[in-house]
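Per-entry structural report
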Amino acid sequence: MSDVAVIGFAEAPNVRSTDGTTNGVEMLVPIFREVFEQTGLTKSDVGFWCSGSSDYLAGRAFSFVSAVDAIGAFPPVMESHVEMDGAFALYEAWVKVLTGEADIALAYGFGKSSAGDLRRVLALQLDPYLMAPLWPDSVAVAALQARLGLDQGLWTERAMAEVAVRSRAAAMSNARAQLSGQVSAEELLAAPMLADPLRAHDCAPVTDGAAVVIIAAADRARELCERPAWISGFEHRIDSGQLGARDLTRSASAAAAGTAAAAGAVGAAGAVGVDVAELHAPFTHQELILRDALGLAEPVLVNPSGGALAGNPLFAAGLARIGHAARQIISGAADRALGHATSGPALQQNLVCVMEAR
Amino acid sequence: MSDTLAQPSSGRHSSRAEHRRAAVLGAGQTHHRSKRPDVSIAGLCREAVDRALADAGLGLGDIDAVVVGKAPDLFEGVMMPELYLADALGATGKPLLRVHTAGSVGGATGVVAASLVQAGLHRRVLAVAFEKQSESNAMWALSIMPPFSMPLLAGAGGYFAPHIRSYIRRSGAPAHIGALVAVKDRRNGARNPYAHLRQPDITLESVQASPMLWDPVRYDETCPSSDGACAVVIGDQAAAEASARPVAWIRATSMRTEPTMFAGKDNVNPRAGADAAAALWARAGISSPIDEIDVAEIYVPFSWFEPMWLENLGFAAAGDGWKLTQAGETEIGGRIPVNPSGGVLCSNPIGASGLLRFAESAMQVMGTAGEHQVPGAKTALGHAYGGGSQYFSMWVVADSPD
């Protein structure tokens, strides 16, 4: 798998609420322009388009149908859509390039999380017969997960707070982040509980946003980008949807995806062998679970963008992690980087994209 | 977890441009009904999956990845139901993708599953598509009023009826063509044990006497609202050659999208459909579809879309599609049998309807279509469309790889 690379990335400002429609067009048009300026491409150069979004987030059927208006899809385009984070749209796009049906593919994701009561909307991802009728919301489910780890001594509330401290400090260099700043763990731990044992700083903010990534096959990638982020491993796995059927303090699917994705890398050092990792962890303790599952230890730099705790536009945040990781390679800051996306309650589904400079 | 997952298969390190072969190893579907209160969503899907695996002579352990397709989540009131379905589909510990491209999603599900094999990533992929429409009301779930968009009014029929009237005006087709399609499809459905509507005694007169819903579409010319699922197992060349059963080789796939509305949009003969078909025929090496395709499963939710899509797909010149219908050429035994399964007019679990077309086309070339088998079918088309005639997905399958 030596021949597909990320060559461009852009994301919309991560904000608490936008005035635009739930079909994402207002957020997508400017970042399409931005990524085309970066790469020197136009829409007619794109052989395959794939998007990720959710009708439930938009509160309407077929929300992605209007999003193709952002493309200007006439003459008609080869296009597909996943009801998943845009990271999985990127996976489908990568598959399409591997088949040889497209040389250049563009994946985008968008989500207007502010349109509804996000915690309750996400409760509808649970088993519709046995679990969802009880309405355990997404923060409550994550709190149960955090509690299990605390009680088993796997992490502490301070370690969780320190994740938030690092995230906000890192986000100070990310102009599109929603939350950033210098805070201390003490300050954060003095705040009241939101859903015991989670405090506000443990939870990603509610964010509207969108992201776009362009990938290209070997020849085009070299031509369009001085230092492409070559994809050496791209894998995803899902765990059981039954919260009681898996060990919530670990992530088997992230570990399996990470191991498989690392297998493609050359001369890997350490578990996944990367310099930098962008993890899609919407809760502080989930970053700790993911670091463990992916074998990320010092000196691997984690979430230089601030990660999802600095801005979590649903259905775009995972794709943005891959974009930020790729940017580390494209800019020359790193030689090998990992982008991660998650989906479903309590890290149920995980995707890992490992990229390298060549 | 299978070995192919733990280790990247050796094939993925080789040249990207080499388009690997893929084939349908097995297909299965549920008994489609207006309500299936006897099963959960998982039970409905599993009914189709178990039949597909049995048809392929495989078990869930032989599957490397799962692709799930369905239309809007609002139809069942479950957000991303594939998350809850992971265990029931045998996807736990494996890669699972969820596709949603409006009404064409069943077709897109088949195309994405085929791509995973053609890219050299997996040996066997399970594609599953479903809709359990009795959990809510699809017509009203579609009758939304999004900003800056034309409302669908009362369901899809209200949206498409003006396009049909436009087709009739442009083509000069006689008024009874739609009813002829309904009679053929419902009678075909009576030969299909899984069809929701099975009406062997339907007549032109009875269709024309049925209530008018959206002029010119009458009640009997409209798809039902169904609970149902469909599953297909797609394998690589080695898996296909190892199969003891007949397989359907995927000769070509194609997908195209255009916006819902724009100046110059042709709702009768949309360019996205025509472009998708042209790309499909080129990739499959087909120069005259009507001569080289033995049977077509085409997404016809309202009767008149048979002649409209025959033209859009290139089986007939613009304005001439209705002549094939009128001459009986789309019946089993005709020049281009269309929807021998009864098609969408007999069963419409929306998210699954496209994959049903793809599966039925595969069954025809595998020779496993039973009473609705087109004798000697070697090459078949599966077709789906969705949104406001803007999403198209299709494939050509055949009984031999080349």
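Parameters and conventions
- Residue numbers here run from 1 along each chain, matching the order of that chain's written sequence.
- Both sets of labels track the order of writing: A upward for chains, 1 upward for ligands.
- Residue-level local features of this predicted model are given only where pLDDT is at least 70; pairs of side-chain atoms are given and counted only at 80 or more, and the full residue set underlies all totals for whole chains, interfaces and linings.
- Hydrogens and water are ignored here; the side-chain numbers use all heavy atoms of the structure.
- Numbering goes from the N terminus for both helices and strands, where a helix is a DSSP run of H or I of at least four residues and a strand is a run of E of at least two.
- Based on C-alpha atoms, the radius of gyration is set beside the globule rule, defined as 2.2 Å times the residue count to the power 0.38.
- Relative accessibility thresholds used throughout: buried, under 20% of the residue-type maximum; exposed, over 50%; partly exposed, between the two (1.4 Å probe, protein chains only).
- Only strands that DSSP links by at least two bridges are regarded as paired with each other.
- Put plainly, a pocket is an open set of points on a 1 Å grid over the protein atoms alone with protein on both sides within 12 Å along at least five of seven lines, a cavity is a set where a 1.4 Å probe fits but cannot get out, and a lining residue has an atom within 4 Å of a point.
- Grid points are joined across faces, edges and corners, and a volume is the space filled by probe spheres set on the points.
- For this scheme, ten residues count as nonpolar: Ala, Val, Leu, Ile, Met, Phe, Trp, Tyr, Cys and Pro. Four count as charged, namely Asp, Glu, Lys and Arg, and the remainder, Gly too, count as polar.
- Only one rule defines a salt bridge in this text: a Lys or Arg side-chain nitrogen within 4 Å of an Asp or Glu carboxyl oxygen.
- Working definition: rings of Phe, Tyr and Trp (its six-membered ring) pair if their centres are within 6.5 Å, and the pair is stacked with planes under 30 degrees apart, edge-to-face with planes over 60 apart, and tilted otherwise.
- By definition, residues are in contact when any of their heavy atoms lie within 4.5 Å.
- Note on terms: buried area is the combined drop in 1.4 Å-probe accessible area of two parts once they are placed together, counting the loss on both.
- N or O atoms closer than or at 3.5 Å make up a polar contact, with two conditions inside protein: a donor-capable atom paired with an acceptor-capable one, and, for residues adjacent in sequence, both atoms drawn from side chains.

**A look at the overall build of chain B**
- What chain B contains, in helices and strands, is 14 helices and 11 strands.
- The C-alpha radius of gyration of chain B comes to 20 Å, within 12% of the 21 Å expected for a compact globule of 402 residues.
- Expressed along its principal axes, the backbone C-alpha trace of chain B runs to roughly 60 × 45 × 45 Å.
- Within chain B, the fraction of its 402 residues that count as buried is 65%.

**Observations regarding the pairing of strand β1 (residues 22-29) of chain B**
All names here are of chain B.
- Across the 8 residues that make up β1, a large majority, 8, are buried.
- Relative to strand β8 (residues 248-257), β1 runs antiparallel, the two sharing 2 bridges. Paired with A23 across the bridge in β8 is W249.

**Remarks on the layout of surface pockets**
Residues and elements named next belong to chain A.
- Considering only enclosed or pocket space, the second largest pocket measures out at about 650 Å³ in volume.
- Breaking the lining of the second largest pocket down by element, the ones donating at least two residues are α5 (118-123), α6 (138-151) and β11 (336-343).
- Split by residue class, the lining of the second largest pocket holds 22 nonpolar, 10 polar and 4 charged.

**Remarks on the pattern of salt bridges**
- One pass over the full model with this rule turns up 39 salt bridges over all chains.
- Note that A:R147 and A:D151 form a salt bridge whose closest N and O atoms lie 3.4 Å from each other. With a gap of 4 residues between them, A:R147 and A:D151 both fall in helix α6, about one helical turn apart.
- Take A:R147: its relative accessible area is 30%, and that puts it in the partly exposed class.
- In this structure, the salt-bridge partner of A:E287 is A:R166, at a minimum N-O distance of 3.9 Å. Of this pair, A:E287 sits in helix α11 (residues 284-294) while A:R166 sits in helix α7 (residues 157-170), and the two are 121 residues apart along the sequence.
- Beyond isolated ion pairs, a larger network of salt bridges with shared partners links B:K70, B:D73, B:E76, B:E82, B:R98 and B:E131.

**Thoughts on the packing of aromatic side chains**
Residues and elements named next belong to chain B.
- As enumerated under the stated definition, the model contains 25 aromatic pairs over all chains in all.
- Here Y159 and F160 contribute two aromatic rings whose centre-to-centre distance is 5.1 Å and whose plane-to-plane angle is 85°, an arrangement assigned as edge-to-face.
- We classify Y159 as buried; its relative accessible area is 9%.
- For F160, a relative accessible area of 6% corresponds to the buried category.
- When the centroid spacing of 6.2 Å and the interplanar angle of 45° are considered together, the rings of F160 and F302 count as tilted. Here F302 lies in the loop between β9 (295-297) and α12 (305-312) and F160 lies in helix α6 (residues 155-171), a separation of 142 residues in the sequence. Comparing F160 with F302, the two get one shared label, buried.
- Each member of the aromatic cluster is reached from another via a ring pair, and the members are Y159, F160, W214, Y299, F302, F305, W309, Y385 and F392.

**Overview of the interface of chain A and chain B**
- Contacts between the two partners involve 67 residues from chain A and, on the opposite side, 66 residues from chain B.
- For the pair chain A and chain B, the summed buried surface comes to about 5,600 Å²; carbon and sulfur atoms form 62% of the total.
- On the surface where chain A and chain B come into contact, there are 0 salt bridges.
- At the surface where chain A touches chain B, the tally comes to 13 residue pairs in polar contact (both at pLDDT 80 or more).
- When residues of the side of chain A that touches chain B are traced back to their parent elements, those giving at least two are α2 (55-58), α3 (63-67), β3 (79-82), α4 (86-99), α5, β8 (229-238) and α10 (252-262) of chain A.
- Ranked by residues supplied to the side of chain A that touches chain B, first place goes to α4(A) with 9 residues.
- Among the residues forming the side of chain A that touches chain B, the class breakdown is 37 nonpolar, 16 polar and 14 charged.

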